[in-house]
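In case you want the letters, here they are:
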Amino acid sequence: MSGFLGRGNHEKHCQSDGALPRQTRQRALDASGGFAASCRLQEWLKKSKLTPKTILKLPDLEQSKSAVLNRLTSRSSQRSYDHAIREFIDWYCSEPRLAFNNTVVTRYRISLEQAKYASSTINLRLAAIRRLAYEAADCGLLSPDLAAGIRRVKGVKKHGVRIANWLTADQGKRLLTAFGGEDLRSKRDYAMIAVLLGCGLRRAEVAGLTVEDLQQREEHWVIADLIGKGGHVRTVPVPTWVKLAVDNWLTASGVSTGPVFRAINKGRWIATSGFSPKVIWGVVKAGSAKCGLDCVAPHDLRRTCARLCHEAGGELEQIQFLLGHVSVQTTERYLGCKQRLRNA
């Protein structure tokens, strides 16, 4: 039939039968091959997509820990969570674990209870682990179901209230007397203890205190616009005897701007920057041991300031403003209103 129709008629007949020219057929084949390759690529991406894990290894835990710390703004919270998460990672990696789930976290809580940790410490560590699981799930490293199970792990109930430590007025004077020398270090430490006892500041607040913070308001010296825990801003009145102690140190050291309390080396050289709050802990411990007062911490001086103000007739609301507490119940605990051992 092809010979009967001829070459030209054969091409017309093929085209009329639905056949495509050579170039058109090649384009169609290329398009179909590209579509098949695209389908194969999509299938490969689905298979290679990161699936949530049940067992987290050390790099996964470190990545999740970094995500937790980056979301925290407070340095104190960063230190607490970093320590809590590192302790958990050491425990978690000490032996093979089946999975990072509710059961494992519950076992960790039981191990903390057996180690006689305080309920507040255990609850803090559980809060850090819950945050770790949340960030791991958010990064796609942990199954959301496992993270939800970890967040359901209950904390430890707090039974009763631990006894705090307060100093009497005479004990406070004894502590100040331990730093009664005339050298630079004694003057600095005396002013530091005076600020802790007279103003009720926290260690970190004392370490970050600057000369510019000391201002006059209504003919009284105050620490103006002090940024405390949680970013809360308050103004703290400064008693006259505390201001005299600070002025004595500033005059002797020649400090006129910047941090009030600074490090002093053995050559009596004064640093240009402040120091860590741990230095204040060491100073309080050394002074309390020198004057025969055992187990005295810097925060005990903050409680002592609150109780002495209350015994002198200070109102509860004013003491709350002084300490920078959000809840008045916290201030009542600092005062020890519910139990007075001296009157027992």
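Rules of the game
Residues numbered from 1 in each chain as written. Predicted model: local features only at pLDDT ≥ 70, side-chain atom pairs only at ≥ 80, totals over all residues. Heavy atoms only, no water. Buried < 20%, exposed > 50% of the residue type's maximum accessible area, 1.4 Å probe, protein only. Helix = DSSP H or I, 4+ residues; strand = E, 2+ residues; numbered from the N terminus. Pairing = 2+ DSSP bridges. Salt bridge = Lys/Arg side-chain N within 4 Å of Asp/Glu carboxyl O. Core = buried A, V, L, I, M, F, W, Y, C linked by side-chain atoms within 4.5 Å. Contact = heavy atoms within 4.5 Å.

**Things to note about the pairing of strand 3 (residues 233-237)**
Then step 1. Burial of strand 3 is one-sided: the residues R234 and V236 facing one way are buried, the residues V233, T235 and P237 facing the other way are not.
Then step 2. Bridge analysis of strand 2 (residues 220-227) against strand 3 gives 4 bridges, and the strand direction is antiparallel. In the sheet register, I227 faces strand 3, and the bridge partner there is V233.
Then step 3. In textbook terms, the turn of a hairpin is the stretch between consecutive antiparallel strands, and for strand 2 and strand 3 this stretch comprises 5 residues, one of which, G230, has a positive phi near 75°.

**Describing the pattern of salt bridges**
Then step 1. What the rule picks out here adds up to 12 salt bridges.
Then step 2. Its salt-bridge partner being E113, residue R109 comes within 3.7 Å of it at the nearest N-O pair. With R109 and E113 both in helix 6 (residues 102-114) and 4 residues apart, this pair spans about one turn of that helix.
Then step 3. Taking relative accessible area as the criterion, R109 reaches 18% and is therefore assigned buried.
Then step 4. For E113, a relative accessible area of 34% puts it in the partly exposed group.
Then step 5. A salt bridge links E205 to R234; the nearest nitrogen and oxygen atoms lie 2.9 Å apart. Taken together, the residues E205 in helix 11 (residues 203-207) and R234 in strand 3 connect sequence positions 29 residues apart.

**Observations concerning the nonpolar core**
Then step 1. In this structure, I193, I223, W249, F261 and L301 are the most contacted members of the largest nonpolar core, which totals 44 residues.
Then step 2. Elements with a minimum of two residues in this core: helix 9 (169-177), helix 10 (184-199), helix 11, strand 2, helix 12 (240-253), helix 13 (277-290) and helix 14 (298-311).
Then step 3. Ranked by residue count, the leading element in this core is helix 10, at 9 residues.
Then step 4. If sequence neighbours within four positions are ignored, I193 has contacts with L175, L176, F179, V284 and L301.
Then step 5. Within the second largest apolar cluster, 30 residues are counted, among which are L61, V105, A128 and L132.

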